[in-house]
Structures are given as structure tokens and as C-alpha cells.
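Take a look at the letters that make up each chain.
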Amino acid sequence: MSQPDAAPAPPDAPAGSPFASLAEFVALPRVTGLALSPDARRLAVSVQTLDADRKKWVSALWEIDPAGERAPRRLTRSAPGESAPVFAPDGSLLFTSARPDPGAGGGDGAGDPRPALWSLPADGGEARLVVGHPGGIGGVTVAADSGDVVVVASAVPGATDAEDDAARRKARKDAGVSAVLHESYPVRHWDSDLGPDTSHLFWAGRLPAEDPSGAPGEPVALRDLTPDARPPSGGGDDPSLSPDGTLLLLAESVPDGPAGRRNRVALLETATGDSRPLVDDPLADVYAARFSPDGSAVVCVREALSSYAEPPDYTLLHVDVATGEIRDLTRGFDRWPSAPQFSADGSAVYFLADDDGRHALFRVPVAGGEPVRLTGDGAYSDLRVARDGSALYALRSAYDEPPAPVRLDPEAPLQRPDPLPSPGALGPLPGTLHEVTATAADGARVQSWLVLPEGASADSPAPLLLWVHGGPLMSWNSWSWRWCPWVMAARGYAVLLPNPALSQGFGQDFVRRGWGSWGEAPYTDLMAAVDAALERPDLDAARTAAMGGSFGGYMANWIATRTDRFAAIVTHASLWHLDSFLGTTDAAYYWEKEWGDPLTDPRRYEQNSPHRFADAIRTPMLVIHGDHDYRVPIGEALQLWYGLQKRGVPSKFLYFPDENHWVLTPGNSTVWYETVLAFLAEHVLGDQWRRPELL
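Notes on the structure follow. (Residues numbered from 1 in each chain as written. Predicted model: local features only at pLDDT ≥ 70, side-chain atom pairs only at ≥ 80, totals over all residues. Heavy atoms only, no water.)

**Here we look at the nonpolar core**
With 76 residues, the main nonpolar core has Leu 464, Leu 466, Leu 496 and Leu 539 as its most contacted residues. Apart from the residues within four sequence positions on either side, Leu 466 is in contact with Leu 496, Pro 498, Leu 526, Met 527, Val 530, Ala 545, Ala 546, Met 547, Ile 559 and Phe 566. In terms of nonpolar packing, the next biggest core, distinct from the first, is built from 45 residues, Trp 449, Trp 483, Tyr 673 and Leu 677 among them. (Core = buried A, V, L, I, M, F, W, Y, C linked by side-chain atoms within 4.5 Å. Buried < 20%, exposed > 50% of the residue type's maximum accessible area, 1.4 Å probe, protein only. Contact = heavy atoms within 4.5 Å.)

Laid out in C-alpha cells, this is it:
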């Protein structure tokens, strides 16, 4: 059933805009996961839509014409959905799905469906299951030339094969055992408890061809390439096969001092399982490794470990596989490169990096030279390189455009590609997007995006909502379904999305301005951005609110202790008590590098923890948190909520027992927006409080 909106759309909301109705908004199709066929004649994407009960989002695979001439065509239709598409050299499309298949062996030994690897023939027909495992298939990598396959699957300690794995899982379930014994830190990650099973890498080799008679073939025998994998490190993340399938790159998590972890890149021989470190830097995390087209070289990301004095810094490394020689491809480049991959001929490397409120595509020559920015506005992801070098393909989004596939020239700078035909259409947006800048107290430039609702003018100024991003080492630069300002704009709010100190994409010095001092430059930058925006006559300085999630939630809490200029504050998954957060988050060693040990060096905690200044809060606050949030555990919200209630601050607590750091189900997402909008309407617009109907 459709969920009721918290407040009716304003009269000037554009007719037909899906953002005016939360029921229509959550039903909009969402494009993810781009794949390109070896001959560059087919693109595939995952498209998320609501299931028949409107209780969850499910993915289906669609084919996109790279030439932009044919309309998109849906390829899969199962109820559980399909995701993670990747093409094999023969043109077949591999994907993961928990769809049922009689006798497939893709369950856990107790009747629970688990994702398996399926194959859809290049010339059409029915998909067939090709690889299953009791722990489910969590990922796949394919050798570009040989077609060999390695899958990621969870296995329990000591299991010798899939049958033994299923038996051990069943034995635990039959005995009513859920306990996990940990022998090293950490024990949780984001929203998952680590152990007793962990990710392993399994060799599947070349998948068998489909039997012309349609008879089921013999199941693929998996060979464990990482049999010694144990929590918390698993068998390696983000694996990548060499073109001939003989070598496998993986990011290994290894100890880094007491209770610490870091990543190194290892090289594993698929025939024997023997491995060796390829790039092992005690001062850095190294990951995102990819082979050159001929397999002779590797490109990877080096992230210098942060310290009390310095934030992390990033560069790209070029590594010769035979000699181990390492060269820095982006030395002196004052941005943070990510997701590198080689050009079709191996002479250059493409990568992505935040740059001035955009997530841009760059190209750097392997032989040396300055990176060239290939894209202008927009945020790019899922880059795919045509093997003949004729084109690049990616998903592009912006704050006024959701992700859609695009085709790019491999070398032209500052492109603005037209989107290819893609499933779904938004219709008109309920406002316009603007870029605004402010000057901070120390002279730094602070860039922001401003979503302005339809009808805002000097005669009818819009209330302003300050929305602070998470991270903190990120920036507002792309479309977000979860944090969508257009839902607010459809109700008449202007939304300011600033990139204050600590935001990436503005240079290393800009990050340093807020390092270890979250309550200083990041706060004053935000206030400068608000002041600059409110100089516009179409914004109403008397009706303002602030909100944010994660680090943005921290800043919302900090703002509440520093000023009463806002009529309401919404804080989601927020840090409140930095001392307690450090000991309960899923990666305490990361944060302790920046803040220090709270017992021996408490200065930064004392200066930056909002809970120490709770007596100063006067602004009504809405606290939101999910109990499965292990990055910012629920204790932060419980302490904040108690502190507000004890001090008589007008406040409400929206609690999700089964959500994590985000809110991922349609029903809960709907009531999230309903509650936020109702709270803002009460305190910013002066409306009567309207409790969401299902709460």
C-alpha cells in the first residue's frame, strides 16, 4: 500500500513530479552496476525497483545499446532479482541471484536461498546456474582473454569442500549455536558480525558450455585458493584476474600494530595457490589493483596511513609484475585518485577523483606526465574501457541527474557526454540547481550546491535547510537516492549542500584545516556557507534548519552546542560522545590515528566531543539511529537522547531496530522522510506536529 506523505506538496510543486509523493519517489527506478561486453556492442546495468509487495527493492538486468540507437531491453525477471553483471569473453552475461534452481546446491543446507552465479547466453535464451556454494556467491572476476572465473564465497573454518561446509553450517544451526570466538580485532564491520565464516576465493576455471539438449551439466568443482582465510581478514578483497587467468590480484588485510589493520596487494598463482606480496607498504593501505591488458604491469591505489599530524594522502602506483619495480604515476597531483584501470593499449591509466564538488574522470600517461581531466560537471563511476580503444563507458550522475550510462571519448578533455537511453525517467525536478561559494574566516574558498525550489523569489523566499555530508573525507558531488534534496525541494525548502574543511576534492591543505579539529574549521566553514547563501533575496533567513548523517550528524550535534540560529536540527547516525564512540565502533584504530589515545592524550576529545557542551543546546532536535549500525553504534544516539530529555530540550527519537548506518528498506525510508518533514514543518514552518501514520 502507498504510504501517506507527512505533508502535502506545496501548490507550486511541478505537476507530475515524483518527488511530491514519497510513494512515487521510492518507486523510481535506480540504475547501478555497469558492464560492457568484450566486443563493446552490449552494455548491461542493474535496475532497482520495488517488488510486488512494495517492501523491498529488487534488481533486474537490462541491456543498453552503446550506440544509443536502440531502446533499453529487460533481460531478467526473477522475484529475488539479479545483480553484479559481468560479461565473459564469449559474450555470455554472468550475474548473481538467489533465484531457485532445482538441485542446484545453492542453499546453506537448511533451506535458505543463497546467491549463486548464473549465465545468460550471448544469443539469448534462459539463464542457467553455473556455480553455487553453501555460503552464497558474493562476487566474481573473469579473465579477459581466457575466460577463467574466480568467485568469492563465504566458508566456515575447517571446511574441506562445499559438502563439508554445508554440513558444518547445519550442525551449528541444529545445535542452536550462534556464538563466535574471536582471536583478533575487529569483530564487526558496518552492519555485519564477522565470523564464523569468512570470504574465500574459489577457482572455478572455464565455465562449461550449455548442453544443446538443455540437460543440466555437471556442477562446477570449486578449488579454494585461500583455504587459510580466517576472520577478520577473509581471503582477500576486490580480486582481479590477469588476462590469461594465471595470476590473481587481491587486497590482503594484515595486522598493523596492536588491534590495527592495513591492506597490501598480493599476487596469487591460480594453478598452485601460492601467493606473495606485490606491494606491501607498512606506511600505507594499498588496494584497487588492476592488470594491464598484457598482464605485465599492475596499477593500484596507495593511501598513506593517517596520523595525529596528517590526514591520509593518495597516489597511483605502477608496478612491474616481473621485477616488482614501482613508479608513482600521480606524484604532486593534489587530489585523491581512485578506481584506476589501464587504457586499451596499456599506455595510460584512467582514474576517478573528487575535484571541486565533482567526481571527475582523469587520464595519466604510463610513461609520465600530468593527469588530464576528461570530464567537466558530474560524478562518474563504473568506468569500462572498450577493448579496441574506441570509447569509454561509465555511469554519470549529478545533483540534478540520477545515474545513467554515457559514452566518452578516451582522450578529449572536459567532456559533457549525453546520456544513453536508460530505463526509467524522472520527469521534471521540483526546482533548480545552483553552485555557490563563500569565503571562510581564514580566506579559504568553500564550495556548495544549492537546490532552490520552484517559486522561490524575493517576494516569496524559501526556508533554508543546511544538509551536512558524512565521511568526513568525502564531498557532495553526485546524485543520492538516500539523501535526496529534491524531496525537500518538492515541499518548498531550499537545500544547501556545502563542502567544508575535511571535504576531499579541494586539495590536501583544505583537508588539513579540519584534521583533528572537527569542531573548528568545518563548523566555521558551514556557517560561512549559510551566511553567503542567505544573502540571496529568495531565501528566508528567519526560517532555517540544519541536518546531517554520520559525520554530518556529528556536525549537526556540534552546531546545536554552538548556536541557536536554526529553528530545528535533525541528526542521523551521529557521533555524540567521541570517547565512547572510539571503543565501540568497528574500526577504532582508524579514528585513534587522528584523535589520539583518549587515556593518554585526551585533548582532541575534550575540545571536539559535542557531549561536553550539552548544556548549551536550546534547539529542538530529531535524533535518528539504526540498531544495526556498527560504524556509529546505537549507544551514541541513546546517550544523546537521554541528554536532551534530561535537559528538557524539545526532541524526538526515531529508532530503527533493524536498519544499519543507512536506512535501506522502502517502508523505513518512507517513514524517515515523513518524520523529518513533519519535524521541520512543526519547527520551521510553524505547522502543527503531525505524527506519521505508521509510527
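From this point on, the discussion continues.
**Thoughts on empty space enclosed by the protein**
One pass over the full model with this rule turns up one cavity of 30 Å³ or more. Around the largest cavity, the lining residues are Arg 396, Ser 397, Glu 401, Pro 402, Ala 404, Val 406 and Pro 419. Counting only elements with at least two residues in the lining of the largest cavity, the list comes to β28 (392–398) and β29 (401–408). Take the lining of the largest cavity: its biggest share by element is four residues, from β29. Tallied by class, residues from the lining of the largest cavity come to four nonpolar, one polar and two charged. (1 Å grid on protein atoms, 1.4 Å probe; cavity = no way out; pocket = protein on both sides within 12 Å on 5 of 7 lines; lining within 4 Å. Points joined across faces, edges and corners; volume = space filled by probe spheres on them. Helix = DSSP H or I, 4+ residues; strand = E, 2+ residues; numbered from the N terminus. Nonpolar A, V, L, I, M, F, W, Y, C, P; charged D, E, K, R; others polar.)

**Observations concerning helix α10 (residues 635–646)**
In this model α10 runs 16 Å from its N-terminal to its C-terminal C-alpha over twelve residues, within 8% of the 16 Å that 1.5 Å per residue would give. Within α10, burial applies to Glu 636, Ala 637, Leu 640, Gly 643 and Leu 644. Each buried residue of α10 sits inside an arc of 130° when the element is viewed along its axis, so together they form one side. Exposed residues pointing more than 90 degrees away from the buried face of α10 are listed as Tyr 642 and Lys 646. Downstream of α10 by a residue or two, Gly 648 has a phi angle that is positive, lying close to 75°. (Expected span 1.5 Å × (residues − 1). Arc of directions from axis to C-beta.)

**Quick notes on the packing of helix α5 (residues 521–533) against helix α6 (residues 551–562)**
For the pair α5 and α6, the least separation of the axes is 11 Å and the interaxial angle reads 80°. In terms of orientation, α5 and α6 fall into the roughly perpendicular class. Contacts from Pro 522, Tyr 523, Leu 526 and Met 527 of α5 reach α6 at Phe 551, Met 555, Trp 558, Ile 559 and Arg 562. Split into classes, the residues belonging to the contact of α5 with α6 amount to eight nonpolar, no polar and one charged. (Axes fitted to C-alpha atoms, helices over the stretch in contact; angles between N-to-C directions. Parallel < 35°, antiparallel > 145°, perpendicular 65-115°, else oblique.)

That's the geometry; what it means functionally is another story.
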